[in-house]
Amino acid sequence: MSIAIYNLTSSLHQESLVEMSTNAFLSALNLDFEFCGDDFSTYGTHSLDLIFVRTGGTEGIFRNLMPSLVRPSNRPFYLLTSGKSNSLAAAMEILSFLQQNGYNGEIIHGSSAYVSKRIKLLSRVGEARRSLEGCRLGIIGEPSDWLISSLYDKNEVRDRLGIELVEIPMEELLQTIADSPVPEESNDLWKSAVCTSEQVRKSVPVAHQIYIALKKLVARHSLQGFTLRCFDLLTEVHNTGCLALAQLNADGIVAGCEGDVPAMLSMKLAQSLIGTSGFQANPAHINPDTGEILFAHCTIPFDLVERFEFDTHFESGIGVGVRGFAKEGPVTVLKVSGDLTRQFVEEGELIRCQSEPGLCRTQMVLKLSNTDYFLKHPIGNHHIILPGHHREAFEKMLKW
């Protein structure tokens, strides 16, 4: 993490006393940072840039500086204050001025423990946002026909997140599959999996072939992730992408289903912020009385589960689907819209994984406090499930 602290100080205050107060305040935070003083020439180049309002009477200084600090990315202004020498009052005036002029910002003020925790969170968010700049995500085939609300805005995604969406014809993947030999041996992880039938076991080599072809496309187009119009594989290759997507996500390559771009973006945001894969799934049943929601899908990243087995793909009854069993405990459910105008983040608990017939193979029952959203204002059907509670970090990242 890269944290820089810049100063705003009024000449009316005695410098020696301000320096003494500054050293005591910053030392108590116990953070690694670059102290830039009143030299703002590198402002905007770090994971987190803090403007330390050290004294009152600095409002005019900031107003004069602001034109050189504003960035096209619309990064918020973070005003750090100890409360000494009327610094909080000045920071409030500056923040009000920023908001009047259409800019976002926040005053970071409170106990040393609170300020330190807040700075660490904002720095982590800043690092995640920086990691997205120049990221290339593929759309292999068009979004599935039934995703009628899951639209996306390439320009908005590029301008706000720095992500380039790369459209790749399905024909290119099909040709790459055809050009890739069927492997004779599976990797050791797949060999250890239970197959629910001989039909499934015989389908694994072609599922492996699809995995190899997708890796070639990722390398060819310099992708950090993609979403796949996977149902086309059922008719064209007589298999599925479920196994390939489970492995690619575990490999660190975001791999989404059904050509769902908003779900893919949600998965990439999650990966950049908390460094883990996300489970793309859709609700299959909701109990508003208890807050229990059953999510299901036919693939799940291997790094999210304690164990897994191979079954057929649910809807078609062919190929290889993945039934995974994740550890019970805290989870976060996330979704952003394709134009980034809406987002949903909710914390809850994974209370059990199950294996009921008549559903997609991986099934998780979550308990959430907010079920009205799903029944009244959902952002499409797919949502991303992540281990752990991360709502505060995601909310800050999505409002950046």
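Let me sum up the structure you'll find in this document.

1. Focus on the pairing of strand E6 (residues 136-140)
With respect to burial, E6 is a largely interior element, four of its five residues being buried. Where E6 and strand E7 (residues 164-168) come together, five bridges link them in parallel fashion. By the bridge assignment for E7, Leu137 is matched with Leu165. Handedness of the β-α-β unit built from E6, helix H5 (residues 154-161) and E7 comes out right-handed. Relative to strand E9 (residues 225-228), E6 runs parallel, the two sharing four bridges.

2. Some words on the sheet that holds strand E14 (residues 321-325)
The sheet built from three strands is open, its strands ordered E8-E13-E14 with mixed pairing. Edge strands, defined here as strands with exactly one partner in the open sheet, are strand E8 (194-195) and E14. With five bridges connecting them, strand E13 (residues 307-311) and E14 associate as antiparallel partners. By the bridge assignment for E14, Phe310 is matched with Val322.

3. What to know about the pattern of salt bridges
Applying the stated rule across the entire model yields 17 salt bridges. Across the salt bridge formed by Arg229 and Asp145, the nearest N and O atoms sit 3.1 Å from each other. Placement of the pair is Arg229 in the loop between E9 and helix H9 (232-236) and Asp145 in the loop between E6 and H5, with a sequence separation of 84 residues. Accessibility expressed as a relative area gives 58% for Asp145, which makes it exposed. Between Asp311 and Arg323 there is a salt bridge; the shortest N-O distance is 2.8 Å. Residue Asp311 is located in strand E13, and its partner Arg323 is located in strand E14; the two are separated by 12 residues in the primary sequence. Across this residue pair, the class does not change: Asp311 and Arg323 are buried. Each of Glu106, Arg118, Glu392 and Lys396 takes part in one network of salt bridges that share partners.

4. Considering the nonpolar core
If you look at the biggest cluster of nonpolar residues, it comprises 56 residues, and the most contacted ones within it are Ile140, Leu173, Leu214, Phe226, Leu228, Phe310 and Phe374. Considering every element that reaches this core, the biggest residue donor is helix H8 (residues 198-220), with nine residues. Those residues within four positions of Leu228 in sequence are excluded, and the remaining contacts are Ile140, Met170, Leu173, Leu214, Leu233, Leu245, Gly256, Cys257, Glu258 and Gly259. Judged by nonpolar contacts, the second largest core, of 30 residues, contains Leu269, Leu273, Leu340 and Ala393.

5. Observations concerning the packing of aromatic side chains
Two numbers describe a pair of aromatic rings. These are the distance of the centres and the angle of the planes. Enumeration over the complete set of coordinates arrives at 15 aromatic pairs. Geometrically, the ring pair formed by Phe344 and Phe374 is edge-to-face, given 5.3 Å between the ring centres and 75° between the ring planes. With Phe344 in strand E16 (residues 343-354) and Phe374 in helix H12 (residues 372-376), the pair connects residues that are 30 residues apart, well separated along the chain. An identical accessibility class is assigned to Phe344 and Phe374; each is buried. Members of the aromatic cluster, joined through ring pairs, are Tyr6, Phe40, Tyr43, Phe62, Phe77 and Tyr103. The ring centre of Phe325 lies 3.9 Å from the NZ or CZ of Arg307, which sits over that ring.

Reading guide: rules and limits
- Residues numbered from 1 in each chain as written.
- Predicted model: local features only at pLDDT ≥ 70, side-chain atom pairs only at ≥ 80, totals over all residues.
- Heavy atoms only, no water.
- Buried < 20%, exposed > 50% of the residue type's maximum accessible area, 1.4 Å probe, protein only.
- Helix = DSSP H or I, 4+ residues; strand = E, 2+ residues; numbered from the N terminus.
- Pairing = 2+ DSSP bridges.
- Right-handed = clockwise from strand over helix to strand, strands pointing away.
- Salt bridge = Lys/Arg side-chain N within 4 Å of Asp/Glu carboxyl O.
- Core = buried A, V, L, I, M, F, W, Y, C linked by side-chain atoms within 4.5 Å.
- Contact = heavy atoms within 4.5 Å.
- Phe/Tyr/Trp six-rings, centres within 6.5 Å; stacked < 30°, edge-to-face > 60°.
- Lys NZ or Arg CZ within 6 Å of the ring centre and 35° of its normal.

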